[in-house]
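Notes for the structure review
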Amino acid sequence: MSNILCIGAGYVGGSTMPIIASHCPEHRFVIVDINEARIAAWQSDHLPIYEPGLDEIVRQTLGKNLFFSTEINRNIAEADIIFVSVNTPTKTFGQGAGRAADLQYWEKTARQILENSTTSKIVVEKSTLPVRTAEAMERILNSNGNGLHFDVLSNPEFLAEGTAVRDMQNPDRVLIGGRETESAQKAVATLVELYMNWVPRERIITTNLWSSELSKLVANAFLAQRISSINAISALCEKTEADVSEVANAIGRDERIGRYFLRASVGFGGSCFQKDILNLVYLCEYYGLPEVARYWEQVVKMNEFQERRFAANMVTSMFNTVAGKRIALFGAAFKANTNDTRESPALEVCRALLEERADIVMTDPHALDNACYDLGDLGKRVTFEPDPYIAADRAHAIAILTEWSQFSELDYERIYASMVKPAFVFDGRNLLDHKKLYEIGFNVYPIGKAPLTRLVANGSHG
Ligand SMILES: NC(=O)c1ccc[n+]([C@@H]2O[C@H](COP(=O)([O-])OP(=O)(O)OC[C@H]3O[C@@H](n4cnc5c(N)ncnc54)[C@H](O)[C@@H]3O)[C@@H](O)[C@H]2O)c1
């Protein structure tokens, strides 16, 4: 039996470790965090994150071979393997502000591991980190002078929020990076063995440390790039009456392109894509590759353009003013099936409309608390309403900002009847049946397709 510790009980630590624990009943898992409220919530009936299927797994393992705790030092001392999944946000100050990763939480953790260790350990980077971070961490950890040895491995997490359980249960691949030394290779073998409890060996990739660290940044950059690519084309479609869904289908049938991640939308969000690309941009600059930096930076700029364009289109379409108009934002989470609102396009659209002095009501099945928190002071100017029918009542417009399936199942005749006319739907996720909405009486503005509007001045269908 090994004692396995995870430092950081956030989206990554909190969703991966219970699943690993469920497959490895012979090992004891502890997840620690400095956030006491979060640790208490993991042990309650209301987990701090919403992730389909996770409650069940936490219930099965909690108290058996999975424990949550705020006693970080004692648990470090007892651990054989330590996963670190603390946050690595974009730096907001000093050198590299706005682009580089803020490694202060990681470094503090490394020092804490060093101070509290009395035996040698394997330390696993689960957080997403700039390439070559492990080098600095190894230096800190192995500066102990008391004969202890730490092997730092990279094991980036590829799960997607909303499908974290499925992704963890059946991963496309698990990536483990380690140095070429005998001791590091032994550590890699230990981690491979842990994953082999449920992941077929051929899906476990072992690489050098730097390839592993860099692959995580590159994976997110490529995924975000596809979204920005199709969103760029959606803007052109709106000008030319091409239909972005038809274009996506036509190009996606080409095996070399593939059909995934070609859905045009109001933009990507989440805590990772923007942060990781900016980090990649910073690394390219640091290593003297400004052309490569500019290339990837454009993926983020295109996303910002798409969010701004969506909000501006709402204002223009509603006779150039939304001041004092009630607008119902359907969705706050950055994607469906999560309560995570970090960098959510919904919040960007909300901010832009508040600037235009709209009267905003926001609805979401799981993410309203986080949205209110993330909006800070602006949150006081927003009404948070869990019931979409109440949110839409007396509204001039609805904007679909998260692709929750619940929103496609609503009674839009009832919603239309309760709204101010002319009633507008701006579908930032191309989620709804646009033709049906138009037939009900709505003026419908999808992404990357001609609007269906009865307003003669605007309309191609007027
Ligand atoms: N969210 C995702 O979908 C996702 C996917 C893959 C990788 N990642 C990466 O994983 C890392 C964590 O992401 P997250 O979404 O879980 O972040 P998060 O903010 O939800 O969780 C991080 C947790 O670490 C805790 N923490 C910070 N410093 C600590 C310390 N010194 N000791 C103990 N706990 C500490 C925080 O209190 C917080 O609860 C990031 O590097 C992120 O880029 C995230």
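Conventions adopted
Residue positions are counted from 1 within each chain, in the order its sequence is given. Whole-chain, interface and lining totals are the exception, using all residues; otherwise, since this is a predicted model, local features are given only for residues with pLDDT of at least 70 and side-chain atom pairs are given and counted only at 80 or more. Hydrogens are left out, water is left out, and the side-chain values use all remaining heavy atoms of the structure. Elements are defined by DSSP. Helices are runs of H or I of four residues or more, strands are runs of E of two residues or more, and each kind is numbered from the N terminus. Both definitions apply: the radius of gyration is a C-alpha atom measure, and the globule rule equals 2.2 Å times residues to the power 0.38. Note on classification: 1.4 Å probe, protein chains only; a residue is buried when its accessible area is under 20% of the maximum for its type, exposed when over 50%, partly exposed between these limits. Note on contacts: a residue pair qualifies if any of its non-hydrogen atoms lie within 4.5 Å across the two residues. Calculation of accessible area relied on Shrake-Rupley with a 1.4 Å probe; when residues are assessed, cover is drawn exclusively from the protein chains displayed. Near residues are defined by distance, with any heavy atom within 4 Å of the molecule or strand qualifying the residue. We call two N or O atoms a polar contact when they sit within 3.5 Å, provided that within protein one can donate a hydrogen and the other can accept it, with sequence-adjacent residues counted only if both atoms are side-chain atoms. When DSSP finds two or more bridges between two strands, those strands count as paired. Here an axis means a line fitted to C-alpha atoms, over the contact stretch when the element is a helix, while the angle between two N-to-C directions is reported on a 0 to 180 degree scale. A clockwise course of the path from the first strand over the helix to the second, judged with the strands pointing away from the viewer, identifies a crossover as right-handed. Should an angle fall under 35 degrees it is called roughly parallel, over 145 degrees roughly antiparallel, and 65 to 115 degrees roughly perpendicular, with every other angle called oblique. Two helices cross in a left-handed way if the nearer one is turned anticlockwise from the farther one by less than a right angle. They cross in a right-handed way if the turn is clockwise. All residues other than Ala, Val, Leu, Ile, Met, Phe, Trp, Tyr, Cys, Pro, Asp, Glu, Lys and Arg, Gly among them, are scored as polar; the first ten of these are nonpolar and the last four charged. Patch construction takes residues with relative accessible area above 30% that form no salt bridge. Like charges are linked within 9 Å, and nonpolar side chains (Val, Leu, Ile, Met, Phe, Trp, Tyr) are linked within 5 Å. Throughout this description, the term salt bridge denotes a Lys or Arg side-chain nitrogen within 4 Å of a carboxyl oxygen of Asp or Glu. Each aromatic pair joins two rings of Phe, Tyr and Trp (for Trp, the six-membered one) with centres within 6.5 Å, and gets the label stacked for planes under 30 degrees apart, edge-to-face for over 60, and tilted for any other angle. Charges are assigned to positions over rings by a cutoff of 6 Å between ring centre and Lys NZ or Arg CZ, combined with an angular limit of 35 degrees from the ring normal. Each residue gets a pLDDT score, which is the predictor's confidence in that residue and runs from 0 to 100.

It is worth spelling out the overall build of the protein chain at this point. Secondary structure assignment for the protein chain yields 18 helices and 14 strands. Taking 2.2 N^0.38 as the reference for a compact globule, 462 residues should give roughly 23 Å; the C-alpha atoms of the protein chain span a radius of gyration of 24 Å, in line with that estimate. Seen along its three principal axes, the alpha-carbon backbone of the protein chain occupies a region of about 80 × 50 × 45 Å. Per-residue burial for the protein chain yields a buried fraction of 55% across its 462 residues. In the protein chain, of all internal contacts separated by at least 6 residues, the share reaching a separation of at least 24 is 72%. Split by element, the accessible area of the protein chain, about 20,700 Å² in all, is 51% carbon and sulfur.

Right, let's get into the site of the ligand. Contacts to the ligand come from 26 residues, most closely from Asp 33, Arg 38, Thr 88, Glu 161 and Lys 275. Here a nitrogen atom of the ligand and a backbone polar atom of Ile 34 are 3.5 Å apart. Between the ligand and the protein, one listed contact pairs an oxygen atom with a side-chain N or O atom of Arg 38 at 2.7 Å. Burial of the ligand by the protein amounts to 93% of the accessible area it has alone, namely 830 Å².

Turning to the sheet that holds strand E11 (residues 382-384), a few remarks are in order. Read from one edge of the open sheet, 6 strands run E11-E10-E9-E12-E13-E14, paired in parallel fashion. In the strand order of this sheet, the two ends are held by E11 and strand E14 (443-445), each with one partner. Here the strands of the sheet are splayed against their neighbours by 20 degrees on average, with no regard to which way each runs. Here 5 bridges tie strand E9 (residues 326-330) to strand E10 (residues 359-363), and the two strands are oriented parallel to one another. Residue pairing in the sheet places Phe 330 in a bridge with Thr 363 of E10. Contacting E9, strand E12 (397-400), strand E13 (424-427) and E14, helix H12 (residues 290-317) crosses the sheet at an angle of about 165 degrees to E13. Contacts from helix H14 (residues 368-375) reach E10 and E11 within the one sheet, and its direction differs from that of E11 by about 160 degrees.

Quick look at the pairing of strand E2 (residues 28-32) now. Moving residue by residue along a regular strand, the side chains alternate between the two faces of the sheet. Most of E2 is tucked away: 4 of the 5 residues are buried. Handedness of the crossover is the feature at issue here: the chain leaves strand E1 (residues 3-7), passes through helix H1 (residues 11-23), returns alongside E2, and the resulting connection is right-handed. One ladder, built from 4 bridges, connects E2 with strand E3 (residues 66-69); its direction is parallel. Considered in E3, the bridge of Phe 29 is made with Leu 66.

Structurally, Pro 388 is set in helix H15 (residues 388-392). Separated by 60 residues in the primary sequence, Pro 388 and Ala 328 have C-alpha atoms spaced 8.2 Å apart.

Once that is clear, we can look at the packing of H1 against helix H3 (residues 54-61). For the pair H1 and H3, interaxial distance at closest approach is 9 Å and the crossing angle is 50 degrees. When the axis of H1 is compared with that of H3, the two are oblique. H1 and H3 meet at a crossing whose hand is left-handed. Residues Gly 14, Ser 15, Pro 18, Ile 19, Ala 21 and Ser 22 of H1 touch H3, and the partners they reach there are Leu 54, Ile 57, Val 58 and Thr 61. Taken together, the residues that form the contact of H1 with H3 break down as 6 nonpolar, 4 polar and no charged.

Another point: a nonpolar patch on the surface. A contiguous nonpolar surface patch, about 410 Å² in accessible area, is contributed by Tyr 286, Tyr 287, Leu 289 and Val 292. As for its placement among the helices and strands, Tyr 287 is situated in the loop between helix H11 (273-286) and H12. A relative accessible area of 45% means that Tyr 287 is categorised as partly exposed.

Before going further, it helps to examine the packing of aromatic side chains. Going through the model one piece at a time under the given rule, you end up with 14 aromatic pairs. Aromatic side chains Trp 42 and Phe 68 sit 5.4 Å apart centroid to centroid with 5 degrees between the ring planes, which places their arrangement in the stacked category. In this pair, Trp 42 sits in helix H2 (residues 36-42) while Phe 68 sits in strand E3, placing the two residues 26 residues apart along the sequence. Here Phe 330 and Phe 407 contribute two aromatic rings whose centre-to-centre distance is 5.1 Å and whose plane-to-plane angle is 40 degrees, an arrangement assigned as tilted. Here the residue Phe 330 occupies a position in strand E9, and Phe 407 occupies one in helix H16 (residues 405-408), the gap between them amounting to 77 residues. The structure contains a cluster of three or more aromatic residues connected by ring pairs, namely Phe 319, Phe 424, Phe 426 and Tyr 445. Sitting over the ring of Tyr 389, Arg 414 keeps its end group 3.7 Å from the ring centre.

A few words now on unusual backbone geometry. If a residue is not glycine, its phi is most likely negative; likewise, a peptide bond is most likely trans. The linkage connecting Lys 421 with the following residue, Pro 422, adopts the cis geometry, with an omega of -5 degrees. By the secondary structure assignment, Pro 422 is in the loop between helix H17 (412-418) and E13. A positive phi angle, close to 65 degrees, is found at Glu 241, a residue other than glycine. Mapped onto the secondary structure, Glu 241 falls in the loop between helix H9 (209-240) and helix H10 (244-252). Notably, Phe 261 is not glycine yet its phi reads approximately 60 degrees, a positive angle. Among the secondary structure elements, Phe 261 is positioned in the loop between H10 and H11.

Before going further, it helps to examine the confidence of the model for the protein chain. With 98% of its residues at a pLDDT of 70 or more, the protein chain has an overall mean of 96. Low confidence marks residues 458-462, where pLDDT is under 50. Its contacts with residues over four positions away, or in another chain, come to 15 contacts.

Tallying each qualifying case throughout the model produces 21 salt bridges. For Glu 71, the salt bridge identified is with Arg 74, shortest N-O distance 2.8 Å. Overall, Arg 74 belongs to the partly exposed group, its relative accessible area being 39%. A salt bridge links Lys 380 to Asp 377, with the shortest nitrogen-to-oxygen separation between them at 3.0 Å. Since its relative accessible area comes to 60%, Asp 377 is described here as exposed. What emerges from the salt-bridge pattern is a single network uniting Arg 99, Glu 285, Arg 294 and Glu 297.

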